[in-house]
Amino acid sequence: MTAPDSLPYRPCVGIMLFDARGRVFVGRRIDTPDAWQMPQGGIDDGEVPEAAALRELEEEIGTAAAVIEAGTAGWLTYDLPGHLVGKLWGGRWRGQRQKWFACRFTGTDQDIRLDTAHPEFDAWRWVGIDELTSLIVPFKKAIYAAVIEELGPAVRQRAAGTSQAERS
């Protein structure tokens, strides 16, 4: 068996999709009971991260109604727990190297469709940013905390600006 620390990280994007109130989309994974997460997925060969993020939104939650507002300055990584290395992604990766994007949702709730070609979620909801780390599986908590720290201010600022514009 290959040592996990000798394997590379899977290039991936993550999307913090937020609505006009600053709430963030989370989906409940079909394959992991009571595990909620933000959309994420691999970057195809030759694909730029921004394009991958918008493609993943459409593939995972059936909508392209989003605009990228901000992205993490660098890449964030996490390692899979030992019992999952060798089982996920054909055993090729030790974890993921992710570029995260805060995307403003420009559609309505009816634009979100979980009945995609390859469903990953069986339920979804909008949650406050501060709820995210309590919903995610333990091995991704540090990544979520870093994403919240870096992208949370942009989400809050954008939502506050939207709220002020709606009141005017």
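Before any of the text, the structure's been laid out above.
Overview of the structure. The structure displayed is predicted, hence computed values, not measured ones.

Here is what the cut-offs are and how they apply
- Residues numbered from 1 in each chain as written.
- Predicted model: local features only at pLDDT ≥ 70, side-chain atom pairs only at ≥ 80, totals over all residues.
- Heavy atoms only, no water.
- Helix = DSSP H or I, 4+ residues; strand = E, 2+ residues; numbered from the N terminus.
- Rg over C-alpha atoms; globule rule 2.2 N^0.38 Å.
- Buried < 20%, exposed > 50% of the residue type's maximum accessible area, 1.4 Å probe, protein only.
- Contact = heavy atoms within 4.5 Å.
- Areas by Shrake-Rupley, 256 points an atom, 1.4 Å probe, with all protein chains shown as cover.
- Lys, Arg positive; Asp, Glu negative; His and termini not counted.
- Charge placed at Lys NZ, Arg CZ, Asp CG, Glu CD.
- Salt bridge = Lys/Arg side-chain N within 4 Å of Asp/Glu carboxyl O.
- Polar contact = N/O pair within 3.5 Å; in protein donor to acceptor, adjacent residues only side chain to side chain.
- Pairing = 2+ DSSP bridges.

### Here we look at the overall build of the protein chain
For step 1, the next point in the chain: Counting secondary structure elements, the protein chain contains three helices and eight strands.
For step 2, the next point in the chain: Secondary structure elements of the protein chain, listed N to C terminal, follow the sequence β-β-β-β-α-β-β-β-β-α-α.
For step 3, the next point in the chain: The globule rule puts the C-alpha radius of gyration for 168 residues at 15 Å, and the 16 Å found for the protein chain is close to it.
For step 4, the next point in the chain: Seen along its three principal axes, the alpha-carbon backbone of the protein chain occupies a region of about 60 × 35 × 30 Å.
For step 5, the next point in the chain: Relative to its full complement of 168 residues, the protein chain shows a buried share of 46%.
For step 6, the next point in the chain: Sequence separation of at least 24 residues holds for 73% of the intrachain contacts in the protein chain that already meet a minimum separation of 6.
For step 7, the next point in the chain: Per element, the accessible surface of the protein chain, about 8500 Å² overall, is 50% carbon and sulfur.
For step 8, the next point in the chain: In the protein chain, 19 positive and 24 negative side-chain charges are present, and the distance between their average locations comes to 3 Å.

### Re the pattern of salt bridges
For step 1, the next point in the chain: Within the structure shown, the criterion is met by 13 salt bridges.
For step 2, the next point in the chain: In this structure, the salt-bridge partner of E56 is R55, at a minimum N-O distance of 2.9 Å. Taken as a pair, E56 and R55 share a single burial class, namely buried.
For step 3, the next point in the chain: Residue E69 pairs with R158 through a salt bridge whose shortest N-O separation is 3.7 Å. Residue E69 is found in strand β5 (residues 66-71), and its partner R158 is found in helix α3 (residues 141-167); the two are separated by 89 residues along the sequence.
For step 4, the next point in the chain: Here E69 falls in the partly exposed class, since its relative accessible area comes to 32%.
For step 5, the next point in the chain: What you see here is one network of salt bridges that share partners, running through D44, E47, R55, E56 and E59.

### Observations regarding the side chain of Q96
For step 1, the next point in the chain: Relative to the helices and strands, Q96 resides in strand β7 (residues 95-105).
For step 2, the next point in the chain: In terms of polar contacts, Q96 uses its side chain to reach the side chain of R10, at 2.9 Å.
For step 3, the next point in the chain: Among the polar contacts listed, one links the side chain of Q96 to the side chain of Y78, at a separation of 2.5 Å.
For step 4, the next point in the chain: For Q96, the contacting residues outside a window of four places in its chain are Y9, R10, C12, Q40, L76, T77, Y78 and W89.

### As for the environment of R97
For step 1, the next point in the chain: Mapped onto the elements, R97 comes out in strand β7.
For step 2, the next point in the chain: A residue is classified by how much of its surface remains accessible, and R97, at 30% relative accessible area, is partly exposed.
For step 3, the next point in the chain: Remark: the alpha-carbon pair of R97 and Y78, spanning 19 residues in sequence, is separated by 6.8 Å.
For step 4, the next point in the chain: If we skip the residues at most four places from it in the chain, R97 touches Y9, R10, P11, C12, W75, L76 and T77.

### Things to note about the pairing of strand β2 (residues 24-29)
For step 1, the next point in the chain: Of all six residues that make up β2, five are buried, and the element is covered over most of its length.
For step 2, the next point in the chain: Bridge count between β2 and strand β8 (residues 121-127): six bridges; the pairing is antiparallel. Bridged to R29 within β8 is F121.
For step 3, the next point in the chain: Pairing of β2 with strand β3 (residues 36-37), which is carried by two bridges, proceeds in the antiparallel orientation. For R28, the partnering residue across the bridge sits in β3 and is W36.

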